[in-house]
Amino acid sequence: MPVASEIEQINARVQTQAIFVEKIKAEVSKAIVGQDRIVERLLIGLLCDGHVLLEGVPGLAKTLLIKTIATALQAAFHRIQFTPDLLPADLIGTLIYEQHTGKFSVKKGPVFANIILADEINRAPAKVQSALLESMQERQVTIGDQTYPLPHPFLVLATQNPIEQEGTYPLPEAQVDRFMIKTVVSYPTKQEERRILDAVAGQPAPDVRPVATLEEMLEARRTVNAIYMDEKIKNYIVGLVCATRNPKEFGIPADGLIEWGASPRATIYLAQAARAMAFLRHRGHVIPDDVKTIAPDILRHRLMLTYEAEAEEKTTEDVIALLFDHVPVP
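Residues numbered from 1 in each chain as written. Predicted model: local features only at pLDDT ≥ 70, side-chain atom pairs only at ≥ 80, totals over all residues. Heavy atoms only, no water.

**Brief notes about the pairing of strand β8 (residues 155-160)**
Quick note on the threshold: When a residue's accessible area, from a 1.4 Å probe over protein chains only, is under 20% of the maximum for its type it is buried; when over 50% it is exposed; and in between it is partly exposed. A run of H or I in DSSP becomes a helix once it reaches four residues, and a run of E becomes a strand once it reaches two; helices and strands are each numbered from the N terminus.
Burial analysis of β8 places six of its six residues in the buried class, which makes it a mostly covered element. The side-chain alternation of β8 yields two buried faces, one formed by L155, L157 and T159 and the other by V156, A158 and Q160.

Written out as structure tokens, the structure is:
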């Protein structure tokens, strides 16, 4: 356990380095009205080196939000529109035969960037998903018989439409689990919608400027990793994840609702995300509320419910609420 002076030093680092987060939020607010929760989740992904999946109906500014954050960060950014006829080479690149030399050269694809926007990711077939999976997990791609490292940092921020299922390919469980966060983008409130109307109607597009650097973000990551987490908080995180596998052990009335629980990756990501949440709140230590705030975004895509749960119209949100009600909070 660190001494009080070390915790004070961490607090001081957090207070100093959290300034760049506020600058990004201010710049994003020029182009995006509301959606503060979604902005936070994207920032947590950036701070934890974790990929983020945004799910929401068309027209909620998911693409604009990701592009705006990339611009504010001065990050190399590529947008890839996923379609059923997309090929792996369209994503990672291919070998080009050069007649004048008689040799093959490598043409790298759009995946070679710091931030990748995978728009409507569930519209691409299995071969493309397989190529993207290597990029997400290994931070590298294989073209021909050679492996090439991707730029550092490298993040996939993906969107998918939950309504249309025609012409879509459900993401493999192995790939879904690689996303640190899955968050649901909701409609704006009535007041926010009026602000959107006033800001957009007949007005030029807002001028989003670079206000932070990737070096600042990488330094902030080191600070996030140093944020203090008490042993009781760690046990609480482990308890939440283990309760998804053995609900009876915790007295949770979820018998027959959960087919498969969360993997150990959920435990790791939940601890990292809780530290990042504390950082965004300008604190150098994690509290239980940090865990409870971010846990639904870490767990919702890692719980597989049974047919009985679907028959009872139970959702993953309902099951997560049961976890919070029965796992003791430190």
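Past the structure itself, the notes keep going.
**Focus: a nonpolar patch on the surface**
The cut-off we apply is this: Within the patch definition used here, like charges are joined within 9 Å and nonpolar side chains (Val, Leu, Ile, Met, Phe, Trp, Tyr) within 5 Å, considering only residues with over 30% relative accessible area and no salt bridge. Accessible surface is estimated by sampling points in the Shrake-Rupley manner with a 1.4 Å probe; for residues, cover comes only from the protein chains shown. Basic side-chain nitrogens of Lys or Arg form a salt bridge, by our definition, when they fall within 4 Å of a carboxyl oxygen of Asp or Glu.
There is a patch of nonpolar side chains on the surface, built from L95, Y97, F104 and V106 and spanning about 390 Å² of accessible area. Listing elements by their share of the nonpolar patch, those giving two or more residues are β3 (93-98) and β4 (103-108). Counting through the fold element by element, Y97 comes out in strand β3.

**Topic: unusual backbone geometry**
Along the chain, H152 connects to P153 via a cis peptide bond; the corresponding omega equals 0°. Position of P153 relative to the elements: it lies in the loop between β7 (146-149) and β8. The phi torsion at H282 lies on the positive side, around 65°, for a residue other than glycine. Note that H282 resides in the loop between α11 (264-280) and α12 (288-299). Among the residues examined, H282 registers a relative accessible area of 27% and is labelled partly exposed.

**A word on helix α4 (residues 62-72)**
Which entries qualify depends on this criterion: The contact criterion used throughout is that any non-hydrogen atoms of two residues lie within 4.5 Å.
Along α4, the residues that are buried comprise K62, L65, I66, T68, I69, A70 and A72. Buried residues belonging to α4 abut α2 (19-31), α3 (36-48), β1 (51-55), β2 (77-81), β5 (115-119) and β8. One or two residues past the end of α4 sits Q74, with phi positive at roughly 60°.

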